[in-house]
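Observations on the three-dimensional arrangement
For reference, the chains in residue letters:
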Amino acid sequence: MKIAIVCYPTFGGSGVVATELGLALAERGHEIHFITYKQPVRLELISRNIHFHEVSVPEYPLFHFQPYELALSSKLVDMVKLYEINLLHVHYAIPHAYAGYMAKQMLQSEGINIPMVTTLHGTDITLVGNHPFYKPAVTFSINNSDVVTSVSQSLKEDTLRLFDIKNDIEVVPNFIDLSNVSNSFTDCQRDLMANEDERIITHISNLRPVKRLMDVIEIFDRIQQEFPAKLLVVGEGPDREKAENLCRSKGIQKKVVFLGNSNEIDKILCFSDLFLLPSEKESFGLAALEAMSNGVPVISSNTGGLPEVNKEGISGYLSDVGDVEQMARHAISILKDDATLATFKKQAKEVAKTFDIKNIIPIYEDVYQKALTYAT
Ligand code: GMT
């Protein structure tokens, strides 16, 4: 099948999922066309089955806002015709589903029928899409997609609660390519980051308020009072400075390392002992799954789709949003001795296996078949 994938090319989870999906589909013989404004961060390989088409939006002084959706829908029309693409898979409703729908209509007027699958990722529904400025367009785009998928049951329920949806929504969980998870690091080089007696705690996100980075610092502060520990904060975002100030005011700045954005997530997770994700909202929590697949247990909030990923008492623990005392207690109970930590590490990896990409790709292939049938 020839599939156009539209996504955000940045470090966000939706872009990562779309890119990994495209790579896996290409390996299974599908021809994949990524259509976006920049080469996706995890797309290192362009090959015979993988193409990247950049959407450029020419600057024009008359436009106060440059019309990306217009450029994207035009690019989609051109690429579908040029490469005889069979299907559009758009990740993130805003503005991708909207632009995809416009492309579909333009192509229809030329006698070309192209189905569109829309995957909802969370922030497009719970944080942004729900805003009155966007809601009618998001509702319309979802209702006019041939198949709609969401990355968790919780996100499906949120979507049905917040929007007037006429379409069925199929839950297709996010996934991890376990064959890519590096067991190849014989030595994780943990001594680069911490002393031998220190536990390494990690948080990875875009450091936006929804991730509750201050809770991460509060939890770590309690952990480091019990035993030697380091906190690695990976990612860039608006809460970084506030978090750095909080660390200074607590006198723990030397124990907290802000690493910025990184392409070496597997390496960082390889030497991590615990992952913290106390988010306010999280439709799935791909970062938690990535941690678990590297054998890192997770302390998270119990919001959104997190209970579908992080299993209480097995891969880690879940608490109410903001309950940093309980999160710290749980963290300490996992880290307190090597045997308990080893058990949780093993269990985290086991739970991650249920999200192996091998189980999920065939579900997407079925979704595509369904969309092709509906659209004819
Ligand atoms: O979490 C973010 O800030 C990024 C956001 C995105 O759109 O990339 O992540 C969302 O999609 C991910 C991939 O499906 C999910 O794992 C995240 O849970 C979800 N984020 C939220 O719901 C806040």
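So, here's what we can say about the structure.

Rules and cut-offs
Residues numbered from 1 in each chain as written. Predicted model: local features only at pLDDT ≥ 70, side-chain atom pairs only at ≥ 80, totals over all residues. Heavy atoms only, no water. Phe/Tyr/Trp six-rings, centres within 6.5 Å; stacked < 30°, edge-to-face > 60°. Helix = DSSP H or I, 4+ residues; strand = E, 2+ residues; numbered from the N terminus. Buried < 20%, exposed > 50% of the residue type's maximum accessible area, 1.4 Å probe, protein only. Lys NZ or Arg CZ within 6 Å of the ring centre and 35° of its normal. Pairing = 2+ DSSP bridges. Axes fitted to C-alpha atoms, helices over the stretch in contact; angles between N-to-C directions. Contact = heavy atoms within 4.5 Å. Near = heavy atom within 4 Å. Areas by Shrake-Rupley, 256 points an atom, 1.4 Å probe, with all protein chains shown as cover. Nonpolar A, V, L, I, M, F, W, Y, C, P; charged D, E, K, R; others polar. Polar contact = N/O pair within 3.5 Å; in protein donor to acceptor, adjacent residues only side chain to side chain. Salt bridge = Lys/Arg side-chain N within 4 Å of Asp/Glu carboxyl O.

1. Observations regarding the packing of aromatic side chains
The tally for this structure, following the rule as stated, stands at seven aromatic pairs. Ring centres of Tyr-317 and Phe-344 lie 5.6 Å apart, and the angle between their planes is 45°; on these two criteria the pair is classed as tilted. Taken together, the positions of Tyr-317 in strand S13 (residues 316–319) and Phe-344 in helix H13 (residues 338–353) put the pair 27 residues apart, joining distant regions of the chain. Using a relative accessible area of 17% as the deciding quantity, one classes Tyr-317 as buried. Positioned over the ring face of Phe-163 is Lys-135, at 5.7 Å from the centre of the ring.

2. Digging into the sheet that holds strand S3 (residues 50–54)
Read across the open sheet, the seven strands follow the order S3-S2-S1-S4-S5-S6-S7; overall the sheet is parallel. Every other strand in the sheet has two partners, leaving S3 and strand S7 (169–171) as the edge strands with one partner each. Across the sheet, the mean angle separating the axes of adjacent strands is 25° when strand polarity is ignored. Here strand S6 (residues 147–150) runs beside S7; their pairing, made up of three bridges, is parallel. Its bridge partner lying in S7, Ser-150 is registered against Val-171. Contacts from helix H3 (residues 93–108) reach strand S1 (2–6), strand S4 (87–91) and strand S5 (116–120) within the one sheet, and its direction differs from that of S5 by about 175°.

3. Digging into the sheet that holds S13
Strand order across the open sheet formed by six strands is S10-S9-S8-S11-S12-S13, with parallel pairing between neighbours. Whereas interior strands pair on both sides, the edge strands pair on one side only; in this sheet they are strand S10 (256–260) and S13. Looking at each pair of strands side by side, their axes are set apart by 20° on average, direction ignored. Strand contacts of helix H7 (residues 213–226): strand S8 (199–204), strand S9 (229–234), S10 and strand S11 (274–277), with the helix running at about 165° to S9, the strand carrying the most contacts. Sheet strands touched by helix H12 (residues 324–335): S8, S11, strand S12 (298–301) and S13. Its angle to S13, the strand with the most contacts, is close to 170°.

4. Some details on the site of the ligand
Close to the ligand lie 18 residues; His-121, Asn-206, Arg-208, Lys-211 and Glu-282 are nearest. Here the ligand has 480 Å² of accessible area as a free molecule, and 95% of this is covered by the chains. Among the residues forming the shell around the ligand, the class breakdown is four nonpolar, 10 polar and four charged.

5. Points about the pairing of S8
Here S8 lies mainly inside the structure; six of its six residues are buried. Direction of pairing for S8 relative to S9: parallel, over a ladder of six bridges. Paired with Ile-200 across the bridge in S9 is Lys-230. Of the pairings in the sheet, the one linking S8 to S11 comprises two bridges and is parallel in character. The residue of S11 that forms the bridge with Ile-201 is Leu-274.

6. A few points about helix H10 (residues 286–293)
By the criterion of burial, H10 is predominantly enclosed, with eight of the eight residues buried. All of the buried residues along H10 are Leu-286, Ala-287, Ala-288, Leu-289, Glu-290, Ala-291, Met-292 and Ser-293.

7. A closer look at the side chain of Ser-150
For Ser-150, the location among the structural elements is in strand S6. Here Ser-150 falls in the buried class, since its relative accessible area comes to 0%. Here Ser-152 takes part through its backbone oxygen, which lies 2.9 Å from a polar atom of the side chain of Ser-150. Filtering out sequence-adjacent residues up to four positions away, Ser-150 remains in contact with Leu-120, Leu-155, Lys-156, Ile-169, Glu-170, Val-171 and Val-172.

8. Section: the pattern of salt bridges
Applying the stated criterion to the full structure yields 23 salt bridges. Here Asp-158 ties to Arg-161 by a salt bridge, and the two come within 2.5 Å at their closest N and O atoms. Placement of the pair is Asp-158 and Arg-161 together in helix H6 (residues 153–162), with a separation of three residues, close to one helical turn. A relative accessible area of 17% places Asp-158 in the buried class. Here the salt bridges do not stand alone but share partners, grouping Glu-218, Asp-221, Arg-222, Lys-250 and Glu-325 into one network.

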